[in-house]
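Residue-level listing of the chains:
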Amino acid sequence: MPDPSAVDAAVAVFADLREEGRELEALVGELPAADWARPTPAAGWSIAHQIAHLHWTDRASLLSLTDATGFGLMVEEALKAPDSFVDEGAEEGAALPPAELLVRWRATRAALDEALAAASPDTRFPWYGPPMKAASMASARLMETWAHGQDVADALGVRRTPTVRLRHVARIGVRARDYAHAVRGLPAPAEEFRVELTAPDGAGVWTYGPPDAPQRITGPALDFCLLVTQRAHRADLALTAIGPDADRWLDIAQAFAGPAGTGRKPGAAR
């Protein structure tokens, strides 16, 4: 029998994912078609590329939950071009008329929402990395939706109001600490860090790790999330590291799977 608390947590992240998608759709839903071609901070990617990428990844998540065979075929196609399949998927979607891309993205999000709600909470579903439970998949989708939404907001010159939904992004960023080292061929720190992040609403502090850990990270949750999604440079953020390993982590942190990106340059507007 599923743990009731785990089920409640899953329902909460499903709702947060829905809301994150709605917030991003509100940014692009009424854009003139020409504005979808605006460049974003991701080199070579327009607003249309950002939404197309989210649609592509949402569709992959939907297949993972509902059609393991179909997802396997999608993985086989990706393995044929491991260095370019992400860009190719974005290019294909960005070539669509913006109105059609918007309709497809909206429909896929709705179908994914239904599939997540129907999924067994204890089942692990296939992915490009380790298999994930539905709640973890939803957290990952929220993180990516928020991060690519930041690219869209920056392209439009919009400053978004951070919400407590960032707790999902922060949690992934903390849990990915050792992965960020491994992807760069670096040994992971031997000890846990203490991470203390001020919630976006100022109503509390999100804490991770042992309270007596000698190495720690402190600062606003928004800044930490911008850092681990590489949407802002460390030099532009109010994050403090105590300890040499914690300090090095802030230079390489990433919440996403795959190779380390180049990130934003210091002083880049957001």
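Rules of the game
- Residues numbered from 1 in each chain as written.
- Predicted model: local features only at pLDDT ≥ 70, side-chain atom pairs only at ≥ 80, totals over all residues.
- Heavy atoms only, no water.
- Axes fitted to C-alpha atoms, helices over the stretch in contact; angles between N-to-C directions.
- Helix = DSSP H or I, 4+ residues; strand = E, 2+ residues; numbered from the N terminus.
- Parallel < 35°, antiparallel > 145°, perpendicular 65-115°, else oblique.
- Contact = heavy atoms within 4.5 Å.
- Nonpolar A, V, L, I, M, F, W, Y, C, P; charged D, E, K, R; others polar.
- Salt bridge = Lys/Arg side-chain N within 4 Å of Asp/Glu carboxyl O.
- Buried < 20%, exposed > 50% of the residue type's maximum accessible area, 1.4 Å probe, protein only.

> Please set out the packing of helix 6 (residues 134-156) against helix 7 (residues 166-175) residue by residue, giving values where relevant.
As a packed pair, helix 6 and helix 7 sit with axes 9 Å apart at the nearest point and diverge in direction by 105 degrees. The angle between helix 6 and helix 7 falls in the class roughly perpendicular. Taking contact as the criterion, the partners of S139, A140, L142, M143 and W146 in helix 6 are, on helix 7, L166, H168, V169 and I172. Its residues assigned to classes, the contact of helix 6 with helix 7 shows seven nonpolar, two polar and no charged.

> Quick one: what's the story with the environment of L62, residue by residue and with numbers?
With respect to the secondary-structure elements, L62 resides in helix 2 (residues 47-66). Each C-alpha atom of the pair L62 and R175 lies 24 Å from the other, and the pair is 113 residues apart in sequence. If sequence neighbours within four positions are ignored, L62 has contacts with D67, A111, L112 and A115.

> Now, about the pattern of salt bridges: what can you tell me, with residues and values included?
Under the defined criterion, the tally for this structure stands at 20 salt bridges. With a shortest N-O distance of 2.5 Å, E144 and R141 are connected by a salt bridge. Taken as a pair, E144 and R141 lie in helix 6 at a separation of three residues, close to a single helical turn. Residue E144 is classed as buried on the basis of its relative accessible area of 16%. Here R264 makes a salt bridge to D154, at a shortest N to O gap of 2.9 Å. Separated by 110 residues along the polypeptide, R264 in the segment after helix 10 (244-252) and D154 in helix 6 bring together distant segments of the chain.

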